[in-house]
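Letter by letter, the chains look like this.
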Amino acid sequence: MIKLFKDGEALARDAAELIAEQARLTVESCGRFSLLLAGGETPRRCYQLLAQEPLLDSVPWHAVHFFWGDERCVGTDDPRSNALMAQNELLQQLPVQPEQIHPIRCGQSPQQAADAYQAELVKYFAGNPPRFDLALLGLGDDGHTASLLPGSAALAESGRWSAVTRRPEEDFSRVTLTAPIINQAALILFLVAGSGKAPVLGDILNGATIPHPYPAQLICPTSGELLWFVDQDAAAMLIERALFSAV
Ligand code: 6PG
């Protein structure tokens, strides 16, 4: 389902409220909530809203576990770090214990980081296939999501849960979850805002797959729900506006 918002603030507010509600319901029924965080800039405002009243006191944070869909293999104090952004905008404001936070630790080689992250997932999910309760995703203007990059071998990965990728123009590697793992999530929520995303979002949601699918088109929940939260600028090239439930 696609939900259209007038701007990024309205989108962030609704996303934060949805995350808080899902956390409450899931903790009530299952005792814990696994939240897969997205990197980049789009989720920043959503994280800020979760870390302040009224949402701050509405979530049983003690039972929430935080994971990342991907990480850039940069220093932990590097402003490009996805974990650092979430730490600054969300986690450091929350009453949580270190063992609830499961970052992708890139201190070693990228492959060792990917292997260690996979081991952490095996441990948390007690050997069962990882099924995140809510997976937050962003969308790059080239159609990537997490760090599933166009042309990457990680797009075809079906056995491993995590993989190493790299953008030719970047001086660092990335570690990403693979699409099959993300697709196990109970709820996948894309957050897409800004006019720069309009062409790729138009291609993706209008069903273009020529010459090849975008990485984000690999995201298709095996049994969960897929939601797109988009603002009007990003939705500028979408057809079938009847799909929207305007806000
Ligand atoms: C990353 C992100 C990536 C991001 C998109 C959108 O590490 O780069 O995980 O998948 O979500 O690139 O980024 P923006 O929100 O900054 O547009």
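Since the structure is predicted, the reported quantities are computational estimates derived from the model, not experimental observations. (Residues numbered from 1 in each chain as written. Predicted model: local features only at pLDDT ≥ 70, side-chain atom pairs only at ≥ 80, totals over all residues. Heavy atoms only, no water.)

A.B. asks: I'd like a description of the pairing of strand β10 (residues 225-231), backed by residues and values.
C.D. replies: Taking burial as the measure, the seven residues of β10 include five buried ones, the bulk of the element. Two strands pair when backbone bridges link them, and strand β1 (residues 2-5) and β10 are joined in this way by four bridges, in the parallel orientation. Within β10, the residue paired with Leu 4 across the bridge is Val 230. Looking at chain direction, strand β9 (residues 187-192) and β10 are connected through six bridges and run parallel. (Buried < 20%, exposed > 50% of the residue type's maximum accessible area, 1.4 Å probe, protein only. Helix = DSSP H or I, 4+ residues; strand = E, 2+ residues; numbered from the N terminus. Pairing = 2+ DSSP bridges.)

A.B. asks: Got a sec to walk through the layout of surface pockets? Specific residues and values, please.
C.D. replies: Taken as a whole, the largest pocket spans an internal volume of roughly 390 Å³. Around the largest pocket, the lining is made up of 25 residues, and of these Gly 39, Gly 40, Glu 41, Arg 72 and His 144 lie nearest the centre. Where the lining of the largest pocket is concerned, the elements lending two or more residues are β4 (70-72), α3 (82-89) and β6 (134-137). Grouping the constituent residues of the lining of the largest pocket by class yields eight nonpolar, nine polar and eight charged. Estimated volume of the second largest pocket: approximately 250 Å³. (1 Å grid on protein atoms, 1.4 Å probe; cavity = no way out; pocket = protein on both sides within 12 Å on 5 of 7 lines; lining within 4 Å. Points joined across faces, edges and corners; volume = space filled by probe spheres on them. Nonpolar A, V, L, I, M, F, W, Y, C, P; charged D, E, K, R; others polar.)

A.B. asks: So what's going on with the nonpolar core? Residues and values would help.
C.D. replies: The biggest cluster of nonpolar side chains holds 85 residues, and the ones touching the most others in it are Trp 61, Phe 66 and Leu 90. In terms of residues, this core owes the most to one element, helix α1 (residues 8-30), which gives 10 residues. In this view, Trp 61 contacts Leu 50, Leu 56, Phe 66, Leu 90, Leu 94, Pro 95, Val 96 and Gln 100; residues no more than four positions away in its chain are not counted. (Core = buried A, V, L, I, M, F, W, Y, C linked by side-chain atoms within 4.5 Å. Contact = heavy atoms within 4.5 Å.)

Limitation: the analysis is restricted to geometry and does not speak to function.
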